[in-house]
Amino acid sequence: MHKTLRTLILFCTIHLSFSILVAQEAIKPESILIYSEGDGYLQPFIESVIKGLSYKDKKGERQYFNKVNSLNTFISDNRYQSILNDIISIRKPDNVSLDISYTENQKKDNNRVFDILVDYDYFLAIKTNTLVELIEFQFQLFETRKSELKKDSINSPLNIADNIIGVENFFVNPKESNYGNQIKLAIERLFHNSNSVPQAELYIFDQLYKSEDTISLPTKAFIVLDGSSSGDTDSEIVKYLWYNIPGENEKYQTFKKLELLDNVAKQNIIINQDGFYKIGFKVNDGVSDSNQIIINIKAENRPEIPLLLDTISYSIHRQTLLKNFKPKIRQKAELYFENNGPVKLIADDFILANKKLDILEKFNPKDSIFLVETKIENYNDQGIYKIVFESQFLAPEIDSENDYFLYRKNLDGRLSQPSHIKHKLYTNGLFIIHIGVSPYTIGNNKGDNFTTESGEEIVLGRNSGFVGFGGYLSISALLTNNWELGFSGIFGKKESVFFNNYELFYPATTSFWLNYIFRTNGMNGSIEPFIGPETNSILYKDNTLLEDNFNTAWTIGGNVGVIYKLFHSGKVDSDLRLSFMYGVLSYRELSDIYVTTLKIQYSLRI
């Protein structure tokens, strides 16, 4: 029992002693003595930087030095400076005895200076030299711990030259704003663990990449390697290091390399050849290199870009009287291009989208993107192809100019660069002006004869009539995208014919029509048919009355015709119209009379 207790007490004592030693070692103060030779340029600043040095351990941030003093305050006499120079510059070779004799006073002075040095853990000697506008700095760092230095024999010089552990030589220009940072970096290089290691970050297409990630690209793709987000917690990045790395079985002289710029935060690269590339990246804060990021780039050939020769791509938005009616607009385009490959093309070789696709990834047809339906045909025997596509949108959803992108696709889904297509939207004016001529016919369904004003009888068969000629000027507007309402003023020499006791005057005075247009939304040269009711006003008078009493009779009937599109632009649209009208007079006494008109007109919408 007593033996066990003694063993336990011994273990606790050893453990406690070890813990105290570790704690003392962890909080062991570090001290440094600084000496500036000559004018002592920026010594207060240098001392301030050294006092601010820190490092991290398991317990967090710690101050590097607890004691920072200047030797200049201890020795100011020239003889002490000479002794100091000897102490930091004389090297005693091993196994060689130096026969240097000192007087007693010299020995005392030597010991005094040496004792001051070894009272500190480190000694930093600073030498400066002025060269025109530049100041040359030389830092020499010595380790002067008492445990590391021993006094030599009486006849040997005291020295710390063999204990030099770091040297920094550099130039600063006091007129530049960053000269203080240059001095700070030099000091941090002397005390490596006082510097916070910078962290490299690499973004490609706004995505953060980790080391050994792989990105697949089509050849001739533009890529930006962005390392500008790299940083350091206690200083600035002074170098961006980019380099090509050979593969496992590749020689440095022959492996494929990318042209990389020196010391830039971003690399703008176009990869012209297919293959595998390995790029290394890291940053430096003037003291330490960061972590290394290695990116693997796989470049693959992609289909050739479609070479567009001509493009007809537009839509027409027709203004209507009914403002709340939102017609759907059919967009139609014809794209002519040359097949720059030996393979016959089919519609599946192409994708037409209303926004840019990601050509860096293989195309997935299940992606939720609006793709325009297309069809392709061989336009001629010289390798010219034509793509026709149509799409439909609500009128308010269309801008004055829309973008489409035509891609060529290979079997594995790799996309080419897009051909950019501008799709124009033309907005028609509200009113259409028509001018035309119209041969006309007046007849009656019973085959009764007409007489002229001179009394000459016109013999007519059933469904035949008197033929005349007239002109008219019209204006119309769209109620909706398909329904058109119009009015005509008819001019020309009036002809008159007699039927029973009535005298009829032709051509008609006015006419009204309402047509339904079957829209095809074709290009110039296309045809759109229409059909609808039409009424014409016919002047007549009753010859049984003594007075000239003119009245108006209206026809009831309809017309049918076609519209031939001449041209369409952003300002003016024009077309030709050919139509045939048939109507009978609504007045009871004249109900056997019919009127036909063949209209040939030119229409202009502004």
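What counts and how
- Residues numbered from 1 in each chain as written.
- Predicted model: local features only at pLDDT ≥ 70, side-chain atom pairs only at ≥ 80, totals over all residues.
- Heavy atoms only, no water.
- Pairing = 2+ DSSP bridges.
- Helix = DSSP H or I, 4+ residues; strand = E, 2+ residues; numbered from the N terminus.
- Axes fitted to C-alpha atoms, helices over the stretch in contact; angles between N-to-C directions.
- Parallel < 35°, antiparallel > 145°, perpendicular 65-115°, else oblique.
- Left-handed = near helix turned anticlockwise from the far one by under 90°.
- Contact = heavy atoms within 4.5 Å.
- Buried < 20%, exposed > 50% of the residue type's maximum accessible area, 1.4 Å probe, protein only.
- pLDDT = per-residue confidence, 0-100.
- Salt bridge = Lys/Arg side-chain N within 4 Å of Asp/Glu carboxyl O.

Trainee: Where do I start with the sheet that holds strand E9 (residues 207-209) in this structure?
Mentor: Picture the strands of a sheet paired through backbone hydrogen bonds; they go either parallel or antiparallel. Taken in spatial order, the four strands line up as E9-E8-E11-E13 in an open sheet, and their pairing is antiparallel. The two strands at the open ends of the sheet, each matched to only one other strand, are E9 and strand E13 (266-270). The average angle at which neighbouring strand axes cross in this sheet is 30°, direction not considered. With two bridges joining them, strand E8 (residues 202-204) and strand E11 (residues 222-226) adopt antiparallel strand pairing. Across the sheet, the residue bridging to Tyr203 is Asp226, located in E11.

Trainee: How should I be thinking about the sheet that holds strand E10 (residues 213-218) in this particular structure?
Mentor: The strand order across the open sheet built from four strands is E10-E15-E14-E12, with neighbouring strands paired in mixed fashion. The sheet terminates laterally at E10 and strand E12 (239-244), the two strands that pair on one side only. For this sheet the average axis-to-axis angle between neighbouring strands, irrespective of direction, equals 25°.

Trainee: How do you make sense of the packing of helix H2 (residues 43-51) against helix H5 (residues 179-190) when you look at a structure like this?
Mentor: Any two packed helices are characterised by the angle at which their axes cross and by the distance between the axes. At a closest axis distance of 10 Å, the pairing of H2 and H5 adopts a crossing angle of 50°. By the angle between their axes, H2 is oblique relative to H5. The way H2 lies across H5 gives a crossing that is right-handed. When H2 is examined against H5, the residues Phe45, Ile46, Val49 and Ile50 are found in contact with a partner set consisting of Gly180, Ile183, Lys184 and Ile187.

Trainee: Can you walk me through the environment of Phe550 in this structure?
Mentor: Tracing the chain through its elements places Phe550 in strand E32 (residues 550-568). For Phe550, a relative accessible area of 45% translates into the label partly exposed. For the pair formed by Phe550 and Leu504, sequence separation is 46 residues and the distance between their alpha carbons is 9.7 Å. Contacts of Phe550, omitting those with residues within four sequence positions, involve Phe505, Tyr540 and Lys541.

Trainee: What's the story with the confidence of the model for the protein chain in this structure? I'm lost.
Mentor: Scored by pLDDT, the protein chain comes out at a mean of 77, with 74% of its residues at no less than 70. Across the protein chain, strand E30 (residues 510-517) holds the top mean pLDDT of 94, while helix H1 (residues 2-26) sits lowest at 46. Here residues 8-27 scores under 50 on pLDDT; set against residues more than four positions off or in separate chains, the count is three contacts. Long-range and interchain partners of residues 459-464, a stretch whose pLDDT sits below 50, account for 18 contacts in this model, where long-range means more than four residues apart.

Trainee: I would appreciate a short explanation of the pattern of salt bridges in the present structure.
Mentor: Pairing between side chains of opposite charge can happen when the charged atoms of each approach one another. According to the stated counting rule, one finds 14 salt bridges in the structure shown. We note a salt bridge from Glu528 to Arg519, for which the minimum N-O separation is 3.0 Å. Judged on exposure class, the residue Glu528 and its partner Arg519 are both buried. Residue Glu528 pairs with Lys565 through a salt bridge whose shortest N-O separation is 3.1 Å. Residue Glu528 is found in strand E31 (residues 527-542), and its partner Lys565 is found in strand E32; the two are separated by 37 residues along the sequence. We note that Glu528, like Lys565, is buried. One salt-bridge network, in which partners are shared between bridges, spans Glu484, Asp575 and Arg577.

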